[in-house]
Structures are given as C-alpha cells and as structure tokens.
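Residue strings, one per chain:
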Amino acid sequence: MLSVFENEPYPDFSQSVPQQKMREALAFVSGQLGKEYPVKVEGREVETGKKVVSINPSRPEQIIGTAYSADSNMAERAVEIATEAFGSWSLVSAEERAGYLVKAAAIMRRRIYEFSAWLTLESSKNWLEAYADTAEAIDFLEFYAREAIRWGGAHPTTPAVGEENEVRYLPLGVGAVISPWNFPLAIMAGMTAAALVTGNTVITKPAEQTPIIAHKFFEILEEINLPPGVAQLLCGDGEIVGEALTGSPKIRFVCFTGSRDVGIHIYERAAKVPPGQKWLKRSILEMGGKDAIFVDEDADLDAAADGVVAAAFGFGGQKCSACSRLIAHTAIYDVLLEKVISKASKLTVGDPAENASLGAVIDLDSYAKIRTYVNTIGVSEGRRVLGEDLPETPSGGYFVSPTIFADVQPDSRLAQKEIFGPVLSVIRCVSFEEGLSIVNGTDYGLTGAFFSNNRAHIEKAKREFHVGNFYVNRKCTGALVDVQPFGGFNLSGTDSKAGGRDYLGLFLQAKSVCERW
Ligand code: NAD
C-alpha cells in the first residue's frame, strides 16, 4: 500500500548545504557533457545519419550532448513494437504498473541534484527553477502511480435487480507523447508516465532543444526494467518524427504540450482517419498562453509587484503560465509600475550555473523572435520603461534582460501574441469591469491572477476570469501537482488538467460490463 501523496519539498538555496550539493552536481554533470546518444530500436543502439546537437543556451559553444535523430521509418517501426507490447502490458495490473513509477521516482529522488544540474546546463534554468522541474517530475510519477490504482479499482454503478453491473477503465492503445523544451523533464516525464501507468504503450518525442534530459529519464526507465516496447524514446524533428507519429493509423492517442500553432496542426491531423485506422484518435493538447495579472485599486501593491516580477521574469518568462500582461487599475497604475520596475531591475541576468535570477533564452530563434518584439514591435506599441535594444548577434549566450513596456493597448500585438521571453506589457484600466474584459480579451485562457481586497470583486473574478488556473493575491506561476491541477481554456488547450484527479481518465476508456443472473 502506497503512502498518501505529498509534493516533493524544495531546498532553501540561500543555505550552504543545498548550494554545495548543486555545485557538486554541476561539476559532476560537466564531466559528462559531449557524449553521443544513439536512437534505440528494439534494444539496439542505432547511430542514424542525422543528429541534434544540444547546446547550453548560456554558453552556446558548450555541447551538452548529441542525440541521434530518428526518421519516419523508425517511427513506424516503433509504433509496431509498441502495438505488440500493448497486448501484454495492457493486462498488467494497475498496482504492478504503479510500482514501476514509484521505483522511477525513487531513483530520480536519489539523483535530484544531478537531474537539476542537467536542466541548468541544457535549458538554462537557475538552481531553484531546475530543482522545481525535477521535483515536479517526481510528483507526477508518485501521483499518477496512486491515481492509476484508484482508476483501476471498483467504480460505483446504480444497482439493478438480477444483474451484476460494473464499469472498468481500459487503456486506449499506443500513444504518442510530444513535449516542449520549457519543462523538458517534468512535462515529458509526466505525460509519458500518465500514458504508461494506465496500461498504454508510448513513444515519446521530446523537443529538439532538450533531448539529453529525455535520454536521462529513459535511462531510469531502463533501470526499472520496464518490459520492452512499453516506452520508447525517439528524438528528432517534430516535422518528421512528430508527423509520422500523429499520422500513423496505429496511434490511438496523441498527448502534446507546446505552441498553439503546432497544437492546432496536430488537432487537425489527428482528426483525419487514414485507411486502416479503426478508431478516432484522442488528442490531449496543452498549448500557449497570454497570462495576465490584474491589480485592483485597493490591492496590496508590494505583494502584487512581487507576484508580477516573479511570474513575468522567472525562467525568463518562458513558462506557459508566465505573466505577460499586467493590467492595473488607473488609481494605482503609476505607483505599481514604479514598484515593478524597481524590483525587476534588481534581477540578475547571467549564467544559471552561477544561479543568476535569469539565464539565457532557449535558442537563437527564440532570441531573434524576442528581439523583434523588443526592438521593433514593442517600441512602436508601448513606452519602454525597462530593458534595452537587443543586438542582432548576442555576445556569449542568448541573454535578454527583463523588459517592460507601459501604456500598451489591450488589442496590440504586444498584448495579444505569446512572446515567450522576459517581456511584460502593462495595460491601464479605468474600472474593475474594464480590467476583467481586458483579461478575457485574448484567444487564450491558461493562467491568471487577481490582486484585490474587495470581496465582491474577488468573487466575481473567481467566476469570470476565464482561465484554467486562477489565483487570488498570489502569482500565476508555480502550480503544484494535485494542489493546483494545471491546464487552460480556449486556445490554451483541450481543457485537461495535468497533475489532477481526472487526468488519467484521458488515457482510458470506460467499459460497462453487465451480467444477468
Ligand atoms: P513547439 O510547439 O514548437 O514544440 C513542441 C513539440 O512539438 C516539440 O517536441 C516539437 O518537436 C514538436 N513538433 C513541432 N512540429 C511538429 C509537428 N508538425 N508534428 C508533431 N510534433 C511537432 O513548442 P515549444 O517551443 O517546444 O514549447 C513552448 C510552447 O509550449 C509555448 O507556446 C508554451 O506556452 C507551450 N507550453 C504549454 C504548456 C501548457 O501546459 N499549456 C506547458 C508548457 C509549454
């Protein structure tokens, strides 16, 4: 019997012991850099013609590792292998499947600083952000293990005389998990774990920018001796491996987290029924956001400024939950803006291995996109009050310092498009009602927060602030597994809730069984 689920605690990195552990882990991982990671097909390592070189965004000349890319034939073969493995894995009891996840969690917990150090180097997360990513991966493993047992148990039905009725939840089949680079461990491991613990077999395609941490996770899955074919890792291009998986007639479901455009593309592709496909594919899609913090006229402005700065600039604004719009009531607009600028200007930008507040943004493409928003669109659509023009060629890593545009119009590109960098747009509203309508005035609906001391406004915002994760008087980032199940509305996704109690249902189908006697 498993103990009650508890979230993995975080260390206090102002203390010398965790600092020492992180430095040791970084030194250890630095000695492991530059290795090659072949594709594994049927247990054999294959060095394909194409590779993805993973680099440290803070020091692009540093190679984290080289992952060989799969091609569409390999994807097809992986689907066949997974289909074969499904026959026996789907019959394994929920308790036994859960046991695998708990063992994987225990191994990751023993290596928590090492995994965090890989994240610091591969995705440019500072110590706490990296640790939180690993801790969340452990939480997903532990939580879904317990949830799988619950879903695998008895489910009540209304009694009928002369009949024995029951509902059982069955796995779906072979799933494709397609993950992003911004939580390259937690989201990749969480989606993979949810798929396999429910009795499905799974092929995981991680983001091109962060293949090495995915290989590290799959090393753990090998160590726990998952039966062959239950979980396969295929690194490579989304347009090649991802397309091959989402279009395959033998894929039963796609579980994706990433951008809006790719999510919509997968949704349309998965909706087509190719010849030979016997089902309608299920799509579980978590997509982008344009998240807002709305500050009312009577709010605690210091608390609000702290929340805004943490949510806008933590991990360089590269969380889907990041605050990219600050909507401030005109009565407190100027005072709040000053506080936000003052706090944001104290953040340090630099090597996250040295625990700077913000590391680099993930890659050159991302840097170039943010540069266009900062240098061109931003200055034409807002008043820049923090940050400076970015050079075309960044010296060293892809660093962007916190940037704030004030007096932004709610319908401008700055206020509507997901920039995915440390860029905050500040919007003035003249009333609570107007603020609420600005909040809801994008295509997204992922996270949001409201700072206020007005009970009537708080209750109305709880009802009408249309996001999947809504917070009152705190920041809009930092959701914890089963504390704040996570996922958004509208074009932020298919309304699922990762780390919530209904999540595993998305990987299952209910069978109603009736015996007359
Ligand atoms: P992305 O959409 O560029 O890539 C995500 C994954 O999709 C990658 O593995 C990529 O290789 C793959 N892919 C690309 N083209 C594909 C195709 N044609 N077919 C199949 N797969 C394909 O996203 P990203 O840049 O890695 O991640 C950032 C985005 O993810 C942001 O928009 C962010 O808001 C979003 N995100 C959302 C959540 C959430 O829970 N809603 C969480 C994290 C990130």
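Everything numeric in this text was worked out from a predicted model, so none of it was measured. The residue numbering used here restarts from 1 in each chain and proceeds along that chain's sequence as written. Totals for whole chains, interfaces and linings use all residues, but because this is a predicted model, local features are given only for residues with pLDDT of at least 70 and pairs of side-chain atoms are given and counted only at 80 or more. The side-chain values count all of the structure's non-hydrogen atoms but skip hydrogen atoms and water molecules.

Sorry if this is basic, but what is going on with the pattern of salt bridges here?
Once the charged atoms of two side chains with opposite charge are near each other, the side chains can pair. Salt bridges, as used here, are contacts in which a Lys or Arg side-chain nitrogen is within 4 Å of a carboxyl oxygen on Asp or Glu. Following the criterion strictly, the structure yields 30 salt bridges and no others. Linking arginine 428 and aspartate 334 is a salt bridge whose minimum nitrogen-to-oxygen distance equals 4.0 Å. Taken together, the residues arginine 428 in strand E16 (residues 423-429) and aspartate 334 in helix H11 (residues 333-344) connect sequence positions 94 residues apart. In this structure aspartate 334 comes out as partly exposed when scored by relative accessible area, which is 49%. In this structure, aspartate 482 and arginine 501 form a salt bridge, with 2.7 Å as the shortest nitrogen-oxygen distance. Linking aspartate 482 in the loop between strand E18 (469-472) and strand E19 (508-516) with arginine 501 in the loop between E18 and E19, this pair joins segments that are 19 residues apart in sequence. Put simply, Glu8, Arg109, Glu142 and Arg146 are held in one network by salt bridges that share partners. Helix and strand definitions here come from DSSP, where helices need a minimum of 4 consecutive H or I residues and strands a minimum of 2 consecutive E residues; each element is numbered from the N-terminal end. Using a 1.4 Å probe on the protein chains alone, a residue whose accessible area is under 20% of its type maximum counts as buried, one over 50% counts as exposed, and one in between counts as partly exposed.

Hey, could you run me through the domain arrangement of the protein in this one?
Interface size is often expressed as the accessible area that is lost when the parts come together. Where each domain starts and ends comes from a domain assignment, either automatic or drawn from a database. Partitioning the protein into domains gives domain 1 (20-287 + 495-516) and domain 2 (291-480). Of note, the centres of domain 1 and domain 2, computed from C-alpha atoms alone, are 31 Å apart. Here, residues are in contact when the closest pair of their heavy atoms is within 4.5 Å. Each side of the interface is counted separately: domain 1 has 24 residues, and domain 2 has 28 residues. Summed over both partners, the accessible surface that disappears when two parts come together, traced with a 1.4 Å probe, is what is meant by buried area. Between domain 1 and domain 2, a total of about 2200 Å² is buried, with carbon and sulfur atoms accounting for 55% of that surface. For the interface between domain 1 and domain 2, the tally reads 4 salt bridges. A salt bridge links glutamate 354 to arginine 23; the nearest nitrogen and oxygen atoms lie 3.6 Å apart. When contributions to the side of domain 1 that touches domain 2 are tallied by element, the ones reaching two or more residues are helix H1 (16-30), strand E5 (59-68), helix H4 (112-123) and helix H5 (127-152). Of the residues forming the side of domain 1 that touches domain 2, the biggest block, 4 residues, is contributed by H4.

Looking at this structure, how should I read H11?
For the α-helix, the turn length of 3.6 residues means that residues three or four positions removed from each other point alike. Given a rise of 1.5 Å per residue, 12 residues ought to cover 16 Å, and the 16 Å separating the end C-alpha atoms of H11 matches this to within 8%. Every buried residue of H11 is listed here: Tyr333, Leu336, Leu337, Val340, Ile341 and Ala344. Taken end-on, H11 shows its buried residues confined to a sector of 135°, consistent with a single buried face. By definition here, a helix of n residues has an expected span of 1.5 Å times n minus one. The directions considered for the arc run from the helix axis to the C-beta atoms.

Looking at this model, I keep getting lost on the sheet that holds strand E15 (residues 403-406). Mind explaining?
Whether parallel or antiparallel, the strands of a sheet pair through hydrogen bonds between backbone atoms. Strand order across the open sheet formed by 7 strands is E14-E15-E16-E13-E12-E17-E18, with mixed pairing between neighbours. What marks the edges here is a single partner per strand, and that holds for strand E14 (383-386) and E18. In this sheet, adjacent strand axes meet at a mean angle of 20° when their direction is disregarded. When DSSP locates at least two bridges between a pair of strands, those strands are taken to pair. Strand direction decides the pairing type here: strand E13 (residues 323-329) and E16, joined by 5 bridges, are parallel. Across the sheet, the residue bridging to leucine 326 is valine 426, located in E16. To obtain each axis, a line is fitted to C-alpha atoms, and for helices this fit is confined to the stretch in contact; angles are then taken between N-to-C directions over 0 to 180 degrees. The strands that helix H12 (residues 364-381) touches are E14, E15 and E16; relative to E15, the one it contacts most, it runs at about 25°.

So what exactly am I meant to see when it comes to the packing of H4 against H5 here?
Packed helices, taken two at a time, are described by the angle their axes make and the gap between the axes. Remark: H4 packs on H5, axes separated minimally by 8 Å, with the N-to-C direction vectors making an angle of 125°. Regarding the angle of H4 to H5, the classification is oblique. As H4 runs across H5, the sense of the crossing is right-handed. Listed contacts from H5 to Ile112, Tyr113, Phe115, Ser116, Leu119 and Thr120 of H4 are Trp127, Ala130, Tyr131, Asp133, Thr134, Ala135 and Ile138. Under the convention adopted here, Pro, Cys and the residues Ala, Val, Leu, Ile, Met, Phe, Trp and Tyr are nonpolar, Asp, Glu, Lys and Arg are charged, and Gly plus all remaining residues are polar. Residues belonging to the contact of H4 with H5 are distributed by class as follows: 9 nonpolar, 3 polar and 1 charged. Note on angle classes: values under 35 degrees are labelled roughly parallel, values over 145 roughly antiparallel, values of 65 to 115 roughly perpendicular, and the remainder oblique. Take the far helix as your reference; a near helix turned counterclockwise from it by less than a right angle gives a left-handed crossing, and one turned clockwise gives a right-handed crossing.

Sorry if this is basic, but what is going on with the environment of glycine 242 here?
Take glycine 242: it is sitting in helix H8 (residues 238-247). Residues glycine 242 and alanine 344 lie 102 residues apart in sequence; the distance between their C-alpha atoms is 38 Å.

When you look at helix H10 (residues 301-313) in this model, what are you seeing that I'm missing?
Between its terminal C-alpha atoms H10 stretches 18 Å, which fits the 18 Å expected from 13 residues at 1.5 Å a residue. Three or more residues of H10 are buried, namely Leu301, Ala304, Ala305, Gly307, Val308, Val309, Ala311, Ala312 and Phe313. Those residues of H10 that are buried lie in contact with strand E12 (291-295), E13, H11, E15, E16 and strand E17 (447-451). For H10, the side-chain oxygen to backbone nitrogen distance between the N-cap and aspartate 302 is 3.1 Å, and the N-cap itself is aspartate 300. Two residues or fewer after H10 comes phenylalanine 315, characterised by a positive phi angle close to 50°. Here a polar contact is taken to be a pair of N or O atoms separated by no more than 3.5 Å, where protein atoms must pair a possible hydrogen donor with a possible acceptor and residues adjacent in sequence count only if both atoms sit in side chains.

Hey, could you run me through the nonpolar core in this one?
As a rule of thumb, soluble globular proteins bury nonpolar side chains together. Residues grouped as a nonpolar core are buried Ala, Val, Leu, Ile, Met, Phe, Trp, Tyr and Cys residues, joined through side-chain atoms within 4.5 Å. Formed by 77 residues in total, the largest nonpolar core has its most connected members in Met108, Tyr144, Leu185, Phe217, Leu226 and Tyr503. Broken down by element, the residue count for this core peaks at 13 residues, all from H5.

What exactly am I supposed to notice about the site of the ligand here?
Not every one of the 28 residues close to the ligand is listed here, only the nearest: Lys205, Glu208, Ser259, Met287 and Glu418. In the model, an oxygen atom of the ligand is placed 2.9 Å from a nitrogen or oxygen of the tryptophan 181 side chain. The separation between a nitrogen atom of the ligand and a polar main-chain atom of methionine 287 is 2.7 Å. Going through the elements one at a time, H8, strand E10 (251-257) and helix H9 (260-271) are the ones with two or more residues in the shell around the ligand. Of the residues assigned to the shell around the ligand, the class counts are 14 nonpolar, 9 polar and 5 charged. Residues are counted as near a molecule or strand when any one of their heavy atoms sits within 4 Å of it.

What is the right way to read the environment of threonine 477 from this model?
As for its position among the elements, threonine 477 is in the loop between E18 and E19. Spatially, the C-alpha atoms of threonine 477 and valine 308 are 9.7 Å apart, while their sequence positions differ by 169 residues. Setting aside residues up to four positions removed in sequence, threonine 477 forms contacts with Ala311, Lys319, Ser321 and Ala322.

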